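# Examination of the molecular architecture
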Amino acid sequence: MKRLCLALCTATGLLAALPASAQFQKPEDAIKYRKASFTVMAAHFGRIGAMANGKAPFDAKAAAENAALLAALAPLPGTAFGPGTDKGETRAKPEIWTESDKFKAGMTKMTEEVNKLNAAAKTGDLAQIKAAFGGAAQTCKSCHDSYRKD
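What comes next is a walk through the structure.

Parameters and conventions
- Residues numbered from 1 in each chain as written.
- Predicted model: local features only at pLDDT ≥ 70, side-chain atom pairs only at ≥ 80, totals over all residues.
- Heavy atoms only, no water.
- Salt bridge = Lys/Arg side-chain N within 4 Å of Asp/Glu carboxyl O.
- Helix = DSSP H or I, 4+ residues; strand = E, 2+ residues; numbered from the N terminus.
- Buried < 20%, exposed > 50% of the residue type's maximum accessible area, 1.4 Å probe, protein only.
- Phe/Tyr/Trp six-rings, centres within 6.5 Å; stacked < 30°, edge-to-face > 60°.
- Core = buried A, V, L, I, M, F, W, Y, C linked by side-chain atoms within 4.5 Å.
- Contact = heavy atoms within 4.5 Å.
- Axes fitted to C-alpha atoms, helices over the stretch in contact; angles between N-to-C directions.
- Parallel < 35°, antiparallel > 145°, perpendicular 65-115°, else oblique.
- Left-handed = near helix turned anticlockwise from the far one by under 90°.
- Nonpolar A, V, L, I, M, F, W, Y, C, P; charged D, E, K, R; others polar.
- Disulfide = S-S within 2.5 Å.

Taken as a whole, this structure holds six salt bridges when the rule is applied. A salt bridge links Lys 35 to Glu 89; its shortest N-O distance comes to 3.8 Å. Placement of Lys 35 in helix 2 (residues 27-52) and of Glu 89 in the loop between helix 3 (60-73) and helix 4 (95-98) is noted, with a sequence separation of 54 residues between them. Note that Glu 113 and Lys 116 form a salt bridge whose closest N and O atoms lie 3.2 Å from each other. With Glu 113 and Lys 116 both in helix 5 (residues 100-123) and three residues apart, the pair spans about one turn of that helix. What makes Glu 113 buried here is its relative accessible area of 8%.

In structure tokens form, the structure reads like this:
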């Protein structure tokens, strides 16, 4: 039993030590990954937004499901802004790499706000979802304004 636990802990430690950028063979792969991640996030965020803005009927279960997926997806695109991913088919501005600490802080803030949205959605209370949605939407807008080409 001790050997199994030791083996699992060792494997987990080794996997955690791998750099995120190592998962991509080429910068183009990372760009595709982050674009796909953002696209899927936008779809789930849009579903919650439609309910929060009264454009779709409120469905507490659907809001909670979409928020949970959004919370799971939020950390993904940040792993795909490695070296060489500033070139090619991307709307990412150069400031992502020249202001990397500020950009990473924005990604962290977005993840935090999405987690708050997820917590609000679990309550099933539309008022709480609306409030949390506003905070999450603001972090998205802020990053888009600063770091995305139109």
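Moving on to the packing of aromatic side chains. Applying the stated rule across the entire model yields six aromatic pairs. Relative to Trp 97, the ring of Phe 81 has its centre 6.1 Å away and its plane inclined at 55°; by these criteria the two rings are tilted. One end of the pair, Phe 81, is in the loop between helix 3 and helix 4; the other, Trp 97, is in helix 4, with 16 residues separating them in the sequence. Their ring planes at 80° and their centres at 5.3 Å tell us that Phe 103 and Tyr 147 sit as a pair that is edge-to-face. With Phe 103 in helix 5 and Tyr 147 in helix 6 (residues 126-147), this pair connects stretches of sequence that are 44 residues apart. For Tyr 147, a relative accessible area of 7% puts it in the buried group. Following the ring pairs from residue to residue traces out a cluster consisting of Phe 38, Phe 81, Trp 97, Phe 103 and Tyr 147.

Moving on to the nonpolar core. Formed by 28 residues in total, the largest nonpolar core has its most connected members in Ile 48, Leu 70, Phe 103, Leu 117 and Ile 129. Listing elements by their share of this core, those giving two or more residues are helix 2, helix 3, helix 5 and helix 6. Ranked by residue count, the leading element in this core is helix 5, at seven residues. Among all residues touching Leu 117, those that are not within four sequence positions of it are Phe 45, Ile 48, Ala 67, Leu 70, Ile 129, Ala 132 and Phe 133.

This next bit is on the packing of helix 5 against helix 6. Remark: helix 5 packs on helix 6, axes separated minimally by 8 Å, with the N-to-C direction vectors making an angle of 160°. Accordingly, the angle class assigned to the pair helix 5 and helix 6 is roughly antiparallel. When the axes of helix 5 and helix 6 are compared, the crossing they make is left-handed. Contact with helix 5, carried on its side by Lys 102, Phe 103, Lys 109, Met 110, Glu 113, Val 114, Lys 116, Leu 117, Ala 120, Ala 121 and Thr 123, involves Gln 128, Ile 129, Ala 132, Phe 133, Gly 135, Ala 136, Thr 139, Cys 140, Cys 143 and Tyr 147 of helix 6 and no other residues of that element. Along the lines of polarity and charge, the residues of the contact of helix 5 with helix 6 split into 13 nonpolar, four polar and four charged.

Moving on to the side chain of Thr 111. Among the structural elements, Thr 111 can be located in helix 5. For Thr 111, the residues in contact, after removing those within four places along its chain, are Ala 74 and Pro 75.

One pass over the full model with this rule turns up zero disulfides. Among the cysteines around Cys 140, which has no disulfide bond, Cys 143 carries the closest sulfur, lying 8.1 Å off. Of the residues examined, Cys 140 reaches a relative accessible area of 24% and is grouped as partly exposed. Residue Cys 143 is classed as buried on the basis of its relative accessible area of 17%.

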